[in-house]
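Take a look at the letters that make up each chain.
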Amino acid sequence: MSEIVISVFGTGRAKPGEPVFALAEQLGRELAQAGFVVANGGYAGTMLAGAKGAAQAGGTVVGVTCSAFKSSVANEYVTRTVVTGSLDERLNTLVKLGDGYVVLPGGTGTLLELAAVWELKNKRFLDAGKPVVLLGDFWRPLVDLVCRDDPRSIESIVLADDPAQAVATIQGTLRE
């Protein structure tokens with residue numbers, strides 16, 4: 001059976017002990033326990049947390065790093081590293097690797113990642129079977145704002161309250 005990769009996007013600023021760090025760690029663990037490979041940006045914050053959770057559950061973690069950053073070393077929980085030369089290439093690689101996507105809270109980088117997969121899915125450039133899951137309430141105000149202009153765009157994403165619901169959504173979508 002070929003591996004099914006879930007690309008996870010989130011902030012690099014989260015620290016251990018913060019709720020978003022714990023959320024990412026739980027998500028990584030639950031994705032790995034469900035048999036998914038976790039792909040993310042490979043660095044600190046939610047990337048580290050998700051990788052840690054997945055690795056501790058015996059899962060595989062693909063870290064997609066960027067040589068344009070001065071310290072481009074993946075965190076210790078990354079199983080395989082893919083080095084890209086630019087932020088665009090890094091994002092494109094994470095999109096191409098993903099059979100599904102989960103978006104955690106984050107800043108402008110995460111917003112760019114969310115916008116990319118949401119727009120690709122909305123315009124049908126991304127396989128309809130690839131779920132885009134927004135975890136928690138963080139992005140809800142943005143979703144509400146966008147949907148005021150483009151009500152059908154809600155059909156391209158799924159909102160999940162917790163990691164278990166996100167994983168169940170992905171499993172259900174990928175089985176269809």
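Whatever comes next refers back to the structure up there.
Scope of this entry: the structure provided in the associated data block. Source: prediction; values computed, not measured.

Before going further, it helps to spend a moment on the overall build of the protein. The helix and strand inventory of the protein stands at six helices and seven strands. Overall, the protein shows an N-to-C arrangement of helices and strands of β-α-β-α-β-β-α-β-α-β-α-β-α. Along the first, second and third principal axes, the C-alpha atoms of the protein reach 40 × 35 × 30 Å. When burial is assessed residue by residue, the protein has 49% of its 176 residues classed as buried. Considering only residue pairs separated by 6 or more positions, the protein has 69% of its internal contacts joining residues 24 or more positions apart. For the protein, the accessible surface area stands at approximately 8,600 Å², while carbon and sulfur atoms represent 54% of it.

Strand order across the open sheet formed by seven strands is S4-S3-S2-S1-S5-S6-S7, with parallel pairing between neighbours. Since the sheet does not close on itself, it has two edges, and those belong to strand S4 (80-84) and strand S7 (158-160), each with one partner. Direction aside, the axes of adjacent strands within the sheet are offset by 25° on average.

The rules behind each value
Within each chain, residue numbers correspond to sequence positions counted from 1 in written order. Residues qualify for local features only when their pLDDT is at least 70, as the model is predicted, and side-chain atom pairs are given and counted only at 80 or more; totals for whole chains, interfaces and linings, by contrast, use all residues. The side-chain figures draw on all heavy atoms in the structure; neither hydrogens nor water molecules are used. Strands here are runs of E lasting at least two residues and helices are runs of H or I lasting at least four, both read from the DSSP assignment and numbered beginning at the N terminus. Partly exposed residues are those whose accessible area sits between 20% and 50% of the maximum for their type, while under 20% is buried and over 50% is exposed, using a 1.4 Å probe and protein chains only. By definition, residues are in contact when any of their heavy atoms lie within 4.5 Å. To be clear on the numbers: accessible area is Shrake-Rupley with a 1.4 Å probe, and residue cover counts the displayed protein chains and nothing else. When DSSP finds two or more bridges between a pair of strands, those strands are recorded as paired. Simply put, an axis is a line fit to the C-alpha atoms, just over the touching stretch for a helix, and the angle between two N-to-C directions goes from 0 to 180 degrees.

Coordinates in, geometry out; function isn't part of it.
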